[in-house]
Amino acid sequence: MTGIRPVAVALRCFAVNPPLAIVLKILSALMFTIMSAGIKYVSDRVPVGEIVFFRSFFMLLPLIIWLAWQGDMMAMIRTRNVIGHFRRGVMSSCSMFLNFLALAYLPLTDAVALGYTAPLILVVLAAILLKERVQSYRWIGTAIGFSGVLIMLAPHLSVSEMLAGGAASIGVMIALSGAFLTAGALVQVRRLVSTETTGAIIFYLAVMTSALGLLTIAFGWVVPTIEEAIVLVMIGIVGGIGQILMTMSFRYGDASLLAPFDYTTMLWACMLGWFIFGDWPLPAVFAGAAVVIGAGVFVVWRERAEGINRRRAQTDAALPHPAVADVTMAHVPVDALQPQVATVSVKSTPPRAA
């Protein structure tokens, strides 16, 4: 442990590196899409609860290695909010069950595109539950985003399709329910980040979802074939690597810079869906996804512009008025105008979950 700690400390001191942050974010999106493709591959033969267990339990392997590499592992997973982790774990586990189940009913691209509704729902829940003041442009972006979702859903929500009870309609309802619970879990994460480290938030999520997934063994698991077992283990490891890459990306770049690159999952989903499953999305999925992505990019752009304006206003407010400065300087002793040397200490803290 002593040999790797200096390396971890040095890495925490790296400056902001936007190109590296973008590469890490895109790679994390690829890992999550590969994980989803693996889930879809075994979803028709392996129960959902069993998939949830493997995804969560084997996620612990890369996570523990990463935490050990960071330095003081026990400090990274120490918690002061067990109840908060429990609430988040229950909501995340339920959303995981529903999202994985949706992959059994829907093409990979459709399921990924419907997952984009979670950030839109989060805006509404944040205003209601967290009492956050939501800017008008966020409401506009959310409304436009939901219109894109309706475009994607149009082929699956026709009267004939609904009356027939087709698999796609069932999958859509399951996916939207999963997105709603995902947004609820993200609300809980926003509450946790004030006291908890990223390592603790991810670690206790993996432990809780593993335990809840294991409980479903009473409802009947299957003995996977060698191929299925390899895929199940891969789902957990790849998902854990994706989580780590995403966390590291926020160390090197701002969230507002990286948010649009979440949508690269659509590109990966199209490629993997066509290559592995022979699925190609309907034109409505492309059109609706384009609207949702456009709305998301619009909100991120406005967030970035608002942040720049706030910082500029703070800088202007901190500068003294010329007339006041002249009067003040007239009463400052000459010795006080000599340059002073200040000692600046830089303290690195573990990254927080976004």
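Residues numbered from 1 in each chain as written. Predicted model: local features only at pLDDT ≥ 70, side-chain atom pairs only at ≥ 80, totals over all residues. Heavy atoms only, no water.

**Observations regarding the confidence of the model for the protein**
Inference 1: Model confidence for the protein is summarised by a mean pLDDT of 79, while 81% of its residues fall at 70 or above.
Inference 2: Here helix α17 (residues 322–330) is the element of the protein with the lowest mean pLDDT, 41, and helix α3 (residues 48–57) is the one with the highest, 95.
Inference 3: The low-confidence segment residues 1–14, where pLDDT is below 50, has 17 contacts with residues more than four positions distant or belonging to other chains. (pLDDT = per-residue confidence, 0-100. Helix = DSSP H or I, 4+ residues; strand = E, 2+ residues; numbered from the N terminus. Contact = heavy atoms within 4.5 Å.)

**Brief notes about the packing of aromatic side chains**
Inference 1: A full pass over the atoms with the stated rule returns 9 aromatic pairs.
Inference 2: Pairing Y116 with Y263 gives two aromatic rings, centres 5.0 Å apart and planes at 80 degrees, and the pair type is edge-to-face. Remark: Y263 occurs in the loop between α14 (255–258) and α15 (264–277) and Y116 occurs in the loop between α7 (108–115) and α8 (117–129); sequence separation between them is 147 residues. You'll find Y116 and Y263 in the same group, each marked buried.
Inference 3: Geometrically, the ring pair formed by F203 and Y204 is edge-to-face, given 5.2 Å between the ring centres and 80 degrees between the ring planes.
Inference 4: For Y204, a relative accessible area of 24% translates into the label partly exposed.
Inference 5: What links up through ring pairs into an aromatic cluster is the set F53, F54, F57, F58 and W221. (Phe/Tyr/Trp six-rings, centres within 6.5 Å; stacked < 30°, edge-to-face > 60°. Buried < 20%, exposed > 50% of the residue type's maximum accessible area, 1.4 Å probe, protein only.)

**Quick look at α8**
Inference 1: With 13 residues, α8 extends 18 Å between its outermost C-alpha atoms, agreeing within 8% with the 18 Å of an ideal straight helix rising 1.5 Å per residue.
Inference 2: Where α8 is concerned, the buried positions are T117, A118, L120, I121, L122, V123, L125 and A126.
Inference 3: The inward-facing, buried residues of α8 contact α7, α9 (136–153) and α11 (167–192).
Inference 4: Positioned one or two residues after α8, K131 has a phi angle of 60 degrees, which is positive. (Expected span 1.5 Å × (residues − 1).)

**Some details on the environment of G148**
Inference 1: With respect to the element layout, G148 can be found in helix α9.
Inference 2: G148 sits 146 residues away from G294 along the chain, and the two C-alpha atoms are 9.3 Å apart.
Inference 3: With residues near it in sequence (within four places) discarded, G148 still touches G288, V291 and V292.

**Things to note about a nonpolar patch on the surface**
Inference 1: Nonpolar side chains collect at one region of the surface, where Y41, W274, F275, I276, W280 and F286 lie side by side and expose about 710 Å² of accessible area between them.
Inference 2: Per-element accounting of the nonpolar patch gives the leading share, 3 residues, to α15.
Inference 3: Along the chain, the position of W274 falls in helix α15. (Patch = residues over 30% accessible without salt bridge, like charges linked within 9 Å, V, L, I, M, F, W, Y side chains within 5 Å. Areas by Shrake-Rupley, 256 points an atom, 1.4 Å probe, with all protein chains shown as cover. Salt bridge = Lys/Arg side-chain N within 4 Å of Asp/Glu carboxyl O.)

**Looking at the packing of helix α6 (residues 82–105) against helix α12 (residues 198–215)**
Inference 1: Where α6 contacts α12, the two axes come as close as 9 Å, and the packing angle between them is 60 degrees. Taken together, the axis directions place α6 and α12 in an arrangement best described as oblique. With respect to the hand of their crossing, α6 and α12 are arranged in right-handed fashion. Of the residues in α12, those in contact with H85, F86, R88, G89, V90, S92, S93, M96 and F97 of α6 are A200, I201, Y204, L205, M208, T209, L212 and G213.
Inference 2: Looking at the contact of α6 with α12 residue by residue, the classes come out as 10 nonpolar, 6 polar and 1 charged. (Axes fitted to C-alpha atoms, helices over the stretch in contact; angles between N-to-C directions. Parallel < 35°, antiparallel > 145°, perpendicular 65-115°, else oblique. Left-handed = near helix turned anticlockwise from the far one by under 90°. Nonpolar A, V, L, I, M, F, W, Y, C, P; charged D, E, K, R; others polar.)

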